[in-house]
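Residues per chain, in single letters:
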Amino acid sequence: PQARGPFESVPSLAALKSRVHDRISEAWGAYGYVLLRQRLYDVGDAEGFVTKGDAVGVFRDKLGLDKQEVSEAMLDVYMTQLATVKKGELRIGALMTSLRPPLQQKEKRRALEAFKALSPSGMEVRLGDWLSQVQEESLRKTIVTAFGAQDEDQVAGAVLTETIFLELLSDLAPLMDIADLLAA
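Read on for an overview of the structure. Values in this document were obtained by computation on a predicted structure and should not be read as measured data.

Reading the values: rules and limits
- Residues numbered from 1 in each chain as written.
- Predicted model: local features only at pLDDT ≥ 70, side-chain atom pairs only at ≥ 80, totals over all residues.
- Heavy atoms only, no water.
- Helix = DSSP H or I, 4+ residues; strand = E, 2+ residues; numbered from the N terminus.
- Rg over C-alpha atoms; globule rule 2.2 N^0.38 Å.
- Buried < 20%, exposed > 50% of the residue type's maximum accessible area, 1.4 Å probe, protein only.
- Axes fitted to C-alpha atoms, helices over the stretch in contact; angles between N-to-C directions.
- Parallel < 35°, antiparallel > 145°, perpendicular 65-115°, else oblique.
- Left-handed = near helix turned anticlockwise from the far one by under 90°.
- Contact = heavy atoms within 4.5 Å.
- Salt bridge = Lys/Arg side-chain N within 4 Å of Asp/Glu carboxyl O.
- Polar contact = N/O pair within 3.5 Å; in protein donor to acceptor, adjacent residues only side chain to side chain.
- Core = buried A, V, L, I, M, F, W, Y, C linked by side-chain atoms within 4.5 Å.

### Remarks on the overall build of the protein
Turning to step 1, where the next piece is worked out: Counting its regular elements, the protein contains ten helices and four strands.
Turning to step 2, where the next piece is worked out: Listing each helix as α and each strand as β along the protein from the N terminus yields α-α-β-α-α-β-α-α-β-α-α-α-β-α.
Turning to step 3, where the next piece is worked out: The C-alpha atoms of the protein give 17 Å as radius of gyration, which agrees with the globular expectation for 184 residues (16 Å, within 12%).
Turning to step 4, where the next piece is worked out: In terms of overall dimensions, the protein has a C-alpha envelope of 55 × 35 × 30 Å along the principal axes.
Turning to step 5, where the next piece is worked out: Put simply, the protein has 184 residues, and 39% of those count as buried.

Structure representation (structure tokens):
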């Protein structure tokens with residue numbers, strides 16, 4: 001949403017997020033936030049941090065967000081606010097949480113129920129158990145890639161915790177209907 005009237009030229013966080021969201025949707029489609037997270041991890045470190053410069057590079061070069069859509073100053077202020085004690089570094093998870101719309105409470109409750117249905121112990125499941133229930137081939141491939149593999153068999157035994165499950169669904173929900181993924 002862009003302000004109108006005398007404040008029209010004043011940048012806002014809501015306007016920045018809206019422009020980035022639109023660009024993600026246009027560039028990468030329904031799995032855009034999953035792909036953005038993956039691109040950030042590609043340039044980040046093993047602890048889940050990315051430098052501000054590398055994050056800006058992902059937004060500009062991989063996502064195609066140009067300076068007319070979001071100025072350097074807007075992006076710099078936004079990312080500086082997210083910087084950790086390690087100045088100039090951002091936690092990838094915090095950037096994603098800040099950027100994408102939150103998972104609605106109803107969807108979150110359904111996601112937790114779906115996770116519990118997959119895991120009688122309620123602690124963790126194997127990624128392959130959930131992937132076997134995902135009908136859409138392109139979504140399965142996107143999830144496999146997000147877990148750093150090319151083939152489903154390579155990640156079938158990977159542990160999927162409740163937190164990771166919720167993050168993945170939170171990345172998918174802004175651009176697609178996740179109801180089919182939550183069908184138990």
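### Remarks on the packing of helix α2 (residues 32–43) against helix α5 (residues 92–99)
Turning to step 1, where the next piece is worked out: Axis separation between α2 and α5 bottoms out at 10 Å; the angle between their running directions is 155 degrees. In terms of orientation, α2 and α5 fall into the roughly antiparallel class. For the element pair α2 and α5, the recorded crossing hand is right-handed. Here α2 contributes Y33, L36, R37, L40 and Y41 to the contact with α5, which in turn contributes I92, G93, L95, M96 and L99.

### Some thoughts on the pattern of salt bridges
Turning to step 1, where the next piece is worked out: Using the criterion set out here, one finds eleven salt bridges in the structure.
Turning to step 2, where the next piece is worked out: The salt bridge partner of E167 is R37, with a shortest N-O separation of 2.8 Å. On the criterion of sequence distance, the pair formed by E167 in helix α10 (residues 162–172) and R37 in helix α2 is long-range, its members being 130 residues apart.
Turning to step 3, where the next piece is worked out: Overall, E167 belongs to the partly exposed group, its relative accessible area being 25%.
Turning to step 4, where the next piece is worked out: Notably, a salt bridge pairs E72 with K67, separated by 3.8 Å at the nearest N-O pair.
Turning to step 5, where the next piece is worked out: Taking the relative accessible area as the measure of exposure, E72 reaches 36% and is therefore partly exposed.
Turning to step 6, where the next piece is worked out: Linked by salt bridges that have partners in common, R37, R100, E167 and D171 make up one network.

### As for the side chain of R140
Turning to step 1, where the next piece is worked out: Mapped onto the fold, R140 is located in helix α8 (residues 137–146).
Turning to step 2, where the next piece is worked out: A distance of 3.1 Å separates the side chain of R140 from the backbone oxygen of Q135, its partner in a polar contact.

### Regarding the nonpolar core
Turning to step 1, where the next piece is worked out: One finds W130, L139, F165, L169, L172, I178 and L181 to be the most contacted residues of the largest nonpolar core, which totals 28 residues.
Turning to step 2, where the next piece is worked out: For this core, the secondary structure elements donating two or more residues are α6 (105–118), α7 (127–131), α8 and α10.
Turning to step 3, where the next piece is worked out: Counting residues per element, this core draws most heavily on α10, at five residues.
Turning to step 4, where the next piece is worked out: Dropping the residues within four chain positions of it, F165 is found in contact with A111, A114, F115, L118, W130 and L160.
Turning to step 5, where the next piece is worked out: Counting residues in hydrophobic clusters, the runner-up holds 27 residues, among them L36, L75, L82 and L90.

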